[in-house]
Amino acid sequence: MRAGQLRHKLVIQSPPGGKDDQGDLQTEWRDVFRPYAKKEDLSGRELFAAQSAHSEVTTRFRIRYRPGVRAEMRVVCAGVKYKIIAVLDRDGRKRELQLMCSSGLVNG
């Protein structure tokens, strides 16, 4: 992966739960790390339910390989929150991760 393609700064966050250093219950998403990524919007659609409109965009983020990235985490890019649907190491060589994400219907 060429470094010039990685022009979007992301924040990978882990969900609330567990305890912090003081033993208190975590109630907010926690920043795990901040990689640069290539962003590719793959599809989008408008949803109409209960007399309200929602849009949903499917996006692929490509980042350098990093262990520990899981589907229950989320991505924040330019203030937009994306739910991670799948984490793919396409060639199995631990060089790149593809994060298949959805925005528009994200919790938190």
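It should be emphasised that the depicted structure is a prediction, and the values quoted were computed from it without experimental measurement.

Enquirer: Hey, could you run me through the state of the cysteines in this one?
Expert: Joining two cysteines, a disulfide is a covalent bond between their sulfur atoms. In the structure shown here, the tally under the stated rule is zero disulfides. No disulfide involves Cys77; its sulfur sits 9.7 Å from the nearest other cysteine sulfur, which is in Cys101. With relative accessibility at 6%, the residue Cys77 sits in the buried group. Residue Cys101 is classed as buried on the basis of its relative accessible area of 1%.

Enquirer: Got a minute to help me understand the environment of Asp91 in this structure?
Expert: Assignment of secondary structure puts Asp91 in the loop between β6 (80–88) and β7 (96–103). At 3.1 Å, the side chain of Asp91 and the side chain of Arg95 are in polar contact.

Enquirer: How should the side chain of Gln13 be read in this particular structure?
Expert: Position of Gln13 among the secondary structure elements: in strand β1 (residues 8–14). Here Asp31 takes part through its side chain, which lies 2.8 Å from a polar atom of the side chain of Gln13. Within polar-contact distance, the side chain of Gln13 engages the side chain of Arg74 at 2.6 Å. If near-sequence neighbours (up to four positions away) are discounted, Gln13 is found in contact with Trp29, Arg30, Asp31, Val32, Met73, Arg74 and Val76.

Enquirer: Sorry, what's going on with unusual backbone geometry here?
Expert: For residues other than glycine, phi is negative in most cases, and the peptide bonds are mostly trans. A positive phi angle is found at Ala78, which is not glycine, with a value near 55°. Here Ala78 is to be found in the loop between β5 (74–77) and β6. For Ala78, a relative accessible area of 76% puts it in the exposed group. Phi is positive for Lys94, close to 55°, though the residue is something other than glycine. Along the chain, the position of Lys94 falls in the loop between β6 and β7.

About the thresholds
Residues numbered from 1 in each chain as written. Predicted model: local features only at pLDDT ≥ 70, side-chain atom pairs only at ≥ 80, totals over all residues. Heavy atoms only, no water. Disulfide = S-S within 2.5 Å. Buried < 20%, exposed > 50% of the residue type's maximum accessible area, 1.4 Å probe, protein only. Helix = DSSP H or I, 4+ residues; strand = E, 2+ residues; numbered from the N terminus. Polar contact = N/O pair within 3.5 Å; in protein donor to acceptor, adjacent residues only side chain to side chain. Contact = heavy atoms within 4.5 Å.

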